[in-house]
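# Geometric and topological summary
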Amino acid sequence: MSLRIGDTAPNFEIETTKGKIDFHDWAKGKWVFFFSHPADYTPVCTTEMGRTSQLANEFAKRGVLPLGLSTDTVDEHLGWISDINDTQNTDLEFPIVADKGKRVAELYDMIHPGESETATVRSVFIIDPNHKIRLTMTYPMAIGRNFDEILRVIDALQFSDEHNVACPADWRPGDKVIIKPTVSNDDAAKLFPQGWDEVRPYLRFTEIK
């Protein structure tokens, strides 16, 4: 069964490049960027692992833990990390799940037979501190992920949670946000004393500094 937004992310215990983890214990109270790769020592995966490592400070300041997955062993991962560091000019520190038996890949529906019978596609799960899946994205094996969008959507999710608003297309921090249609004007006046621009009764933009 496919995992959906709002589902609890399934728990698992497994070996990683940073030792054995119980996923829910490891992730407790944190946001998680959980992402899969078809295989070690492959070109697109190498650039993505490198980019995640290069963005370590960006993930950290958002309270996000990156967690990679590939269906290879810990030893294979460790050798690959050396290549990643060398070719991508980085120092990869986040854990990579060693899912040789494809148990986690199957649990998270990361293998799409139309793309490959054995290798995972490029799945993305953004998981919140309550272990709820808040966003999923799936890229084909030959196309690398857009990390600007991954960071943008994490910002949007966290901002929306904090202020109980919706974020419009292409929203970036500092842009206007949308007052949810479920919020009446009377309640909006209390929640957003700075006021709003009402384009339509269902489309109200406000600024939150």
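In this text the structure is predicted, and so the values were computed from the model without any measurement.

Let us look at the sheet that holds strand S9 (residues 197–200). Overall, antiparallel pairing links the three strands, which are arranged S8-S10-S9 in an open sheet. Here the strands that pair on one side only, and so sit at the sheet edges, are strand S8 (177–179) and S9. Taken pair by pair, the neighbouring strands of this sheet meet at an average axis angle of 35 degrees, ignoring direction. Sheet topology places S8 next to strand S10 (residues 203–206); three bridges connect them, and they run antiparallel. Each residue of the ladder has a partner; that of Ile179, found in S10, is Arg204.

Right, let's get into the side chain of Thr90. Tracing the backbone shows Thr90 in the loop between helix H4 (74–88) and strand S5 (96–98). For Thr90, a relative accessible area of 17% corresponds to the buried category. Apart from residues lying up to four places away in sequence, Thr90 is in contact with Gly50, Ser53, Gln54, Ile84 and Asn85.

This part takes up the packing of aromatic side chains. According to the stated counting rule, one finds 13 aromatic pairs in the structure shown. With a centroid separation of 4.3 Å and 5 degrees between ring planes, the pair formed by Phe33 and Phe35 is classed as stacked. Like Phe33, the residue Phe35 is buried in the burial classification. An angle of 50 degrees between the planes, with centres 5.9 Å apart, marks the rings of Phe35 and Phe94 as tilted. Placement of the pair is Phe35 in strand S3 (residues 31–37) and Phe94 in the loop between H4 and S5, with a sequence separation of 59 residues. With a relative accessible area of 0%, Phe35 lands in the buried category. Three or more aromatic residues link up through ring pairs in this structure, and these residues are Phe12, Phe23, Trp26, Phe34, Tyr108 and Phe125.

Basis of the calculations
Residues numbered from 1 in each chain as written. Predicted model: local features only at pLDDT ≥ 70, side-chain atom pairs only at ≥ 80, totals over all residues. Heavy atoms only, no water. Pairing = 2+ DSSP bridges. Helix = DSSP H or I, 4+ residues; strand = E, 2+ residues; numbered from the N terminus. Axes fitted to C-alpha atoms, helices over the stretch in contact; angles between N-to-C directions. Buried < 20%, exposed > 50% of the residue type's maximum accessible area, 1.4 Å probe, protein only. Contact = heavy atoms within 4.5 Å. Phe/Tyr/Trp six-rings, centres within 6.5 Å; stacked < 30°, edge-to-face > 60°.

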